[in-house]
Each structure stands twice: as C-alpha cells, then as structure tokens.
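Summary of the model geometry
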Amino acid sequence: MEFIDTHTHISDEAFLGEEDQVIARAHEAGVSVMIQPDVDSRERQAMFDLVDRHPGELYAMLGLYPGSVGADWKKEIDRMLEYRDRKIVAIGEIGLDYHYGADTASEQKEALRVQLELAAEMDLPVNIHLREATEDFLSILRECSHLALRGNMHAYSGSYETFLQLQKYGDWNVGIGGVVTFKKASLAEVVRRIPLEKIVLETDAPYLTPVPHRGTRNESMYIPLIASKIAELQSRDIEEVAEVTSRNARNLFGL
C-alpha cells in the first residue's frame, strides 16, 4: 500500500536533528510522499533545504500562513515571491484564522485574495487553513469564482453542508487527519458522507496526533491510522482508502 501525507511540517523545530529518521519511519509505514506547507519567511528556507535533500519524497508548497499575517503582510508576500520559481506543488498554507487572529481579519482577507490570484496565475492548487471564518472564506470564494480554483481544505473541520457549498466555487478536496480518530469528534460523521474521491490524507505533524498516540508528537508514519479510521467509517478496505486517496493527492498536486 502507498500513502501520501499531504500536509506535514517536518522542518518544524519539533523535529530538529531528527528529520531524516522521521522520513525513514514514514517510508517504513508505507508513506511514499510528504508535502511540506509553507508558513512564512522565518521558516521557509529551512523547509526548502529539507525538500531539496529529499527529491521525489518531499515536495514544497509556497504561501503565507494566516497566523503570520500582520501589518507588514505585503512585505512578507514579496519575500515569498522570491521563491516562486522553485519547484512547488501548491500555494499554501494560506487562509483565514479568526480564532487567534481576529484583529487581523482585514489583512488576512487581503492576503488571501492576493494568494488565490497567484495560484490561478501559476495554475496551482491551494491548501487552505480555515478556522472560525467560514462565512468570510465562502464570500471570498464567491468573489474569486472566475479564477476556477482547485485545492484542499487542510484539517477539515466543517460540516457536510459546507463541503457541498465549497463545490460550487471550484474543485475542492478535504484533508482528513488525526482528529477523525478522536473519540468525541463530530468529524467522523461528516467523513462517512464525503465521497472518498474527495479526500486526501494528512497528519499536520507535529500536531493533531491520532489515537492511540494522542498527546505525543505526531509524525507522518501515523498516516495508516487515519486511513484505517476512514476505512472503518466508510465500510471499505484500507487498501482501497490508500489507493484512492493517493490517487487524489497525485492528481491534485501534480505529483
């Protein structure tokens, strides 16, 4: 079985000095590809350096994370654009986060629009971080419907109805990670209803570790635990989940 982790922060300081071992453990678990989201100028070079050391195994996104959007966001976008000629598979991790950043909502929306336009210009998918800002995000998608966007909703936590709304404004997959394994997670019932052809797997490592390892550092090697839970919820074999979600990821990110 082949698995693809579509969102993992292996260049995060939580893995400092252990990156190669983390990647090796993922391979042993059947995870052949790991995609690295971009955050901001402070972490970007380390992320690209790691990707360059593991061609064909690690791939890079390029983007400005909503939690990194501040008064100087335009300068951050300029720094980001210095990397636009590197091999990248998506514009991300971009989006809106009002849980921690409600005071920068206006700037976040502007930065998101700019990056959606960049994705359309570069013919790349987008990787979206969305927290407590669904209505504003859908409003921006309506405004940008002419861009014919495609992408995935990282760490999807919305309803099935929101999933259906998303499809009106482009071709959207959902990234399902460790939360689906949590005992009281409402996401499980949503995942039962979402077509497997619209799901990609992710860990968001080192965060959101799946059961039974919840409370410890997450790693890409735990992707099979997430796939197993999806298989259970949709009454499928894990082999089918691995095959379909890997195909979805390869098609979406052009791997």
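The structure presented is a predicted model; accordingly, all values stated were derived computationally and were not measured.

In this section: the overall build of the protein. What the protein contains, in helices and strands, is 10 helices and 8 strands. On C-alpha atoms alone, the protein measures out to a radius of gyration of 17 Å, which is about the 18 Å that the 2.2 N^0.38 rule sets for 255 residues. Dimensions of the protein, computed from the C-alpha atoms along their principal axes, are close to 45 × 40 × 30 Å. Within the span of the protein, comprising 255 residues, buried residues form 55% of the whole. Looking at the protein alone, contacts between residues at least 24 apart form 74% of all its contacts between residues at least 6 apart. For the protein, the exposed surface amounts to about 11100 Å²; the carbon and sulfur share of it is 47%. If you average the places of the 27 positive and of the 43 negative side-chain charges in the protein, the two averages end up 4 Å apart.

Leu-116, Ile-128, Phe-137, Tyr-156 and Ile-176 are the most contacted members of the largest nonpolar core, which has 72 residues in total. If we skip the residues at most four places from it in the chain, Leu-116 touches Ile-94, Val-126, Ile-128, Ile-140, Cys-144, Leu-147 and Leu-149. Residues Ile-4, Ile-35, Val-200 and Ala-249 belong to the second largest nonpolar core, which totals 11 residues.

Turning to the sheet that holds strand 8 (residues 199-201), a few remarks are in order. Read across the open sheet, the 8 strands follow the order 1-2-3-4-5-6-7-8; overall the sheet is parallel. What marks the edges here is a single partner per strand, and that holds for strand 1 (3-5) and strand 8. Looking at each pair of strands side by side, their axes are set apart by 30 degrees on average, direction ignored. Direction of pairing for strand 6 (residues 150-153) relative to strand 7 (residues 171-176): parallel, over a ladder of 4 bridges. Residue Arg-150 lies in a different strand from strand 7, and its bridge partner there is Asp-171.

For helix 9 (residues 223-233), every residue scored as buried is listed here: Ile-223, Ile-226, Ala-227, Ile-230, Ala-231 and Leu-233. The arc that holds every buried residue of helix 9, seen down its axis, measures 165 degrees, which confines them to one face. Against strand 1, strand 2 (31-36), strand 7, helix 8 (187-193), strand 8 and helix 10 (238-253) lie the buried residues of helix 9. Two residues or fewer past helix 9, Ser-235 is found with a positive phi of approximately 55 degrees.

Mapped onto the elements, Gly-92 comes out in strand 4 (residues 90-97). Under the relative-accessibility criterion, Gly-92 is labelled buried at 0%. Beyond its immediate stretch of four places on either side in the chain, Gly-92 contacts Pro-37, Asp-38, Met-61, Leu-62, Gly-63 and Asn-127.

Each value, and the rule that gives it
Residues numbered from 1 in each chain as written. Predicted model: local features only at pLDDT ≥ 70, side-chain atom pairs only at ≥ 80, totals over all residues. Heavy atoms only, no water. Helix = DSSP H or I, 4+ residues; strand = E, 2+ residues; numbered from the N terminus. Rg over C-alpha atoms; globule rule 2.2 N^0.38 Å. Buried < 20%, exposed > 50% of the residue type's maximum accessible area, 1.4 Å probe, protein only. Contact = heavy atoms within 4.5 Å. Areas by Shrake-Rupley, 256 points an atom, 1.4 Å probe, with all protein chains shown as cover. Lys, Arg positive; Asp, Glu negative; His and termini not counted. Charge placed at Lys NZ, Arg CZ, Asp CG, Glu CD. Core = buried A, V, L, I, M, F, W, Y, C linked by side-chain atoms within 4.5 Å. Pairing = 2+ DSSP bridges. Axes fitted to C-alpha atoms, helices over the stretch in contact; angles between N-to-C directions. Arc of directions from axis to C-beta.

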